[in-house]
Amino acid sequence: MRPALLLIGALIAGSLSGQDAPKGVIEGTVLDDVTGSPVRRASVELLGQRADKPPETVLIQTEAEGRFHLEGLAPGRYSVRAAKSGYLAARDANASATFPQAPGEQKTGLTLRLTPQSVISGRVLDEQGDPLQNARVQVYQRRKMAGKQRWMPVNGNSTNDRGEYRLFNLAAGEYAVAASAMNPTAPFSSGGQGRAQVYAATYDLNGK
């Protein structure tokens, strides 16, 4: 009788090993990093990496309370990141997380934080006080690199027909804004033979 019992045990073990691994769950909340309030309708992207399959991506939105829920996840390594218009891009470290997921693991209480973006806006005028269209506006951020403070270009745009510009997706920091333009009417001043007038670049440090 003893060999028979051993055979039954072997059959049960074989049946279990043939089943799929238990599915896991990931759930959490997306919060505003400044106010701490939940961010509704934020995009949450899940990237799953498994040894036996190519990477898989799932995209969902948070609910009214900023919560998100993902289930039916196979074991592997996952990256989760959040993003929403009006906040810094998902490269912000607080807005993403990477971790292993064990078979059937219930990973709850995950918190992703989105940092509200800063915006610099204004107008570019010529020496007569008239708006300059298509003027190039470049914003520089002061950063410490190799032990020295340097001004690094981080964003840029052109003015509209009212001379207005708006630069967004900026993190908190110290900025300088530079504007340069070309006078498009100068070539007509000498029967089309003249040369375009180029304005010297003008800099503004944090609106001062």
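Check the entry above for the structure.
Not measured: the values here are computed from a predicted model.

## As for the overall build of the chain
- The helix and strand tally for the chain stands at 1 helix and 15 strands.
- Burial status across the chain gives 27% buried among its 208 residues.
- Considering only contacts in the chain between residues 6 or more positions apart, those separated by 24 or more positions represent 60%.
- For the chain, the exposed area adds up to about 13600 Å²; of that, 51% sits on carbon and sulfur atoms.

## A look at the sheet that holds strand 4 (residues 67–73)
- Read from one edge to the other, the open sheet built from 3 strands follows the order 4-1-7, with strand pairing classed as mixed. Each end of this open sheet is capped by a strand with a single partner; those strands are strand 4 and strand 7 (106–114). On average, adjacent strands in this sheet sit at an angle of 20° to one another, irrespective of strand direction.
- Pairing of strand 1 (residues 24–32) with strand 7, which is carried by 7 bridges, proceeds in the parallel orientation. Opposite Thr29, over in strand 7, you have Thr111 as the bridge partner.

## Details of the pairing of strand 6 (residues 96–101)
- Side chains of strand 6 alternate between two faces, with Ala97, Phe99 and Gln101 buried and Ser96, Thr98 and Pro100 left unburied.
- Pairing of strand 5 (residues 76–83) with strand 6 involves 6 bridges; the strand directions are antiparallel. In the sheet register, Val80 faces strand 6, and the bridge partner there is Ala97.

## A look at unusual backbone geometry
- Here the phi dihedral of Asn134 falls at roughly 65°; this positive angle occurs in a residue that is not glycine.
- Note on placement: Asn134 falls in the loop between strand 8 (118–123) and strand 9 (136–145).
- The exposure class of Asn134 is exposed, given its relative accessible area of 56%.
- In this model, Ala146 sits at a positive phi of 55°, which is unusual for a non-glycine residue.
- The topology assignment puts Ala146 in the loop between strand 9 and strand 10 (148–158).
- The class of Ala146 is exposed, set by a relative accessible area of 78%.

How each quantity is defined
- Residues numbered from 1 in each chain as written.
- Predicted model: local features only at pLDDT ≥ 70, side-chain atom pairs only at ≥ 80, totals over all residues.
- Heavy atoms only, no water.
- Helix = DSSP H or I, 4+ residues; strand = E, 2+ residues; numbered from the N terminus.
- Buried < 20%, exposed > 50% of the residue type's maximum accessible area, 1.4 Å probe, protein only.
- Contact = heavy atoms within 4.5 Å.
- Areas by Shrake-Rupley, 256 points an atom, 1.4 Å probe, with all protein chains shown as cover.
- Pairing = 2+ DSSP bridges.
- Axes fitted to C-alpha atoms, helices over the stretch in contact; angles between N-to-C directions.

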